[in-house]
Amino acid sequence: MIRARFRTPLRDDLWVNELSTTFTAATFRLLSGVPKADHALELGEVQATDPAPVVAAIKDHPDISAYEAIHRDERRAVGQYQVADQGLYELLWESSLPPEFPVVVENGTMEFDLTTSRAQFEAFGEALDARGKSYRLLSVVHTADEEPVLTERQRECLTVALRRGYFEVPRDCTLAEIAAALEVDKSSASETIRRGTARVLQQFFVGAD
């Protein structure tokens, strides 16, 4: 079994590309989606310092209809809506792979995970290459273990740290900033990063064949 994470630029005419390049500091997360005949029903989340203007822009976008707010606080808003364009699903449809959520969009790029066989993984890469689609393979783990390498919390913490430049040299953000983004104290953030990093390294150097 292979677990892989990809990053690819979004199609220019997608609504989420337009809004994510307008609100460059916001993170858009597709939590669930059901493609229909000519539209898709989606559950989406916005993470931002102030999500209100982002949500307002989503509601006002011509591709979005029937938006219903599910939850909102100071940094996070969740809504259910109908979208006219199914472009987020095109890559997965072409390779016959089911979408794996959440799909994360930031500043015009989409990140998503695949859990599949080696043959399907290679076929997916060939489909991307055949289309001339630009993409980056962020991570790939070969494993026979059905348990995930990281817990959900460890994945969330490491993802925030990676995106904000915590692992860059020199660092682009501090541990305190990571803790604030996750709404935890510094010791909890530090412990989660250390444990998650250790599990990734162990899998890479020991668990992979």
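Scroll up for the structure.
Now for the overall build of the chain. Within the chain one finds seven helices and eight strands. The C-alpha atoms of the chain give a radius of gyration of 18 Å, which matches the 17 Å a tight globule of 209 residues would have. In terms of overall dimensions, the chain has C-alpha extents of about 50 × 45 × 30 Å along its principal axes. The buried share among the 209 residues of the chain stands at 39%. Once local pairs closer than 6 in sequence are excluded, the contacts in the chain between residues at least 24 apart make up 65%. Charge-centre separation for the chain: the mean point of 23 positive side chains lies 5 Å from the mean point of 34 negative side chains.

With that settled, the discussion passes to helix H2 (residues 52–60). Of the positions making up H2, those classed as buried are Val54, Val55, Ala57 and Ile58. Take H2 and look down its axis: the buried residues cluster within an arc of 160 degrees, on one side only. Lining the buried residues of H2 we find helix H1 (15–22), strand S2 (27–35), strand S3 (40–47), strand S4 (64–72) and strand S5 (76–83).

Let us look at a nonpolar patch on the surface. Among the surface-exposed residues, Tyr135, Leu137 and Val140 lie close enough to one another that they form a single nonpolar patch of about 210 Å² accessible area. Among the secondary structure elements, tyrosine 135 is positioned in the loop between helix H4 (118–130) and strand S8 (136–142).

Before going further, it helps to examine helix H5 (residues 152–163). Taking 1.5 Å per residue as the helical rise, H5 with its 12 residues ought to reach 16 Å, and the 16 Å between its terminal C-alpha atoms agrees with that figure. For H5, the set of buried residues is Gln154, Cys157, Leu158, Thr159, Val160 and Ala161. Positive phi appears at glycine 165, one or two residues downstream of H5, with a value of about 85 degrees.

The next thing to look at is the environment of arginine 7. One can find arginine 7 in strand S1 (residues 2–9). In the structure, arginine 7 is positioned 97 residues away from valine 104 in sequence and 9.3 Å away in space, judged by C-alpha atoms. A polar contact is formed between the side chain of arginine 7 and the side chain of glutamate 111, at a distance of 2.7 Å.

Below, the discussion takes up the sheet that holds S8. Read across the open sheet, the eight strands follow the order S4-S5-S3-S2-S6-S7-S1-S8; overall the sheet is antiparallel. Among the strands making up the open sheet, the edge pair consists of S4 and S8. Each neighbouring strand pair of the sheet contributes to a mean axis angle of 20 degrees, computed without reference to strand direction. Across three bridges, strand S6 (residues 103–106) lies against strand S7 (residues 109–116) in antiparallel orientation. By the bridge assignment, glutamate 106 is partnered in S7 with threonine 109.

Here we come to the nonpolar core. Among the nonpolar cores identified, the biggest contains 34 residues, and Phe6, Trp15, Val16, Phe28, Ile58 and Leu88 are the most heavily contacted of them. When residues in this core are grouped by element, the largest group, four residues, is from H2. Other than its neighbours up to four places away in sequence, isoleucine 58 contacts Trp15, Leu19, Phe28, Val46, Ile64 and Tyr67. Counting 14 residues, the second largest nonpolar core, distinct from the first, contains Cys157, Leu158, Ala161 and Ile178.

What follows deals with the pairing of S3. Sheet topology places S2 next to S3; eight bridges connect them, and they run antiparallel. In the sheet register, proline 35 faces S3, and the bridge partner there is alanine 40. The loop that links S2 with its antiparallel partner S3 comprises four residues.

Moving on, we come to the pattern of salt bridges. Under the defined criterion, the tally for this structure stands at 13 salt bridges. Residue aspartate 113 pairs with arginine 5 through a salt bridge whose shortest N-O separation is 2.7 Å. You can see aspartate 113 sitting in strand S7 and its partner arginine 5 sitting in strand S1, a full 108 residues away along the chain. Looking at aspartate 113, the relative accessible area reads 14%, which means it is buried. Residue class for arginine 5 comes out buried when judged on its relative accessible area of 11%. Between glutamate 106 and arginine 163 there is a salt bridge, with the nearest N and O atoms lying 3.4 Å from each other. A residue pair is termed long-range when its members are at least 10 positions apart, and glutamate 106 in strand S6 and arginine 163 in helix H5 qualify at 57 residues.

Definitions and cut-offs
- Residues numbered from 1 in each chain as written.
- Predicted model: local features only at pLDDT ≥ 70, side-chain atom pairs only at ≥ 80, totals over all residues.
- Heavy atoms only, no water.
- Helix = DSSP H or I, 4+ residues; strand = E, 2+ residues; numbered from the N terminus.
- Rg over C-alpha atoms; globule rule 2.2 N^0.38 Å.
- Buried < 20%, exposed > 50% of the residue type's maximum accessible area, 1.4 Å probe, protein only.
- Contact = heavy atoms within 4.5 Å.
- Lys, Arg positive; Asp, Glu negative; His and termini not counted.
- Charge placed at Lys NZ, Arg CZ, Asp CG, Glu CD.
- Arc of directions from axis to C-beta.
- Patch = residues over 30% accessible without salt bridge, like charges linked within 9 Å, V, L, I, M, F, W, Y side chains within 5 Å.
- Areas by Shrake-Rupley, 256 points an atom, 1.4 Å probe, with all protein chains shown as cover.
- Salt bridge = Lys/Arg side-chain N within 4 Å of Asp/Glu carboxyl O.
- Expected span 1.5 Å × (residues − 1).
- Polar contact = N/O pair within 3.5 Å; in protein donor to acceptor, adjacent residues only side chain to side chain.
- Pairing = 2+ DSSP bridges.
- Axes fitted to C-alpha atoms, helices over the stretch in contact; angles between N-to-C directions.
- Core = buried A, V, L, I, M, F, W, Y, C linked by side-chain atoms within 4.5 Å.

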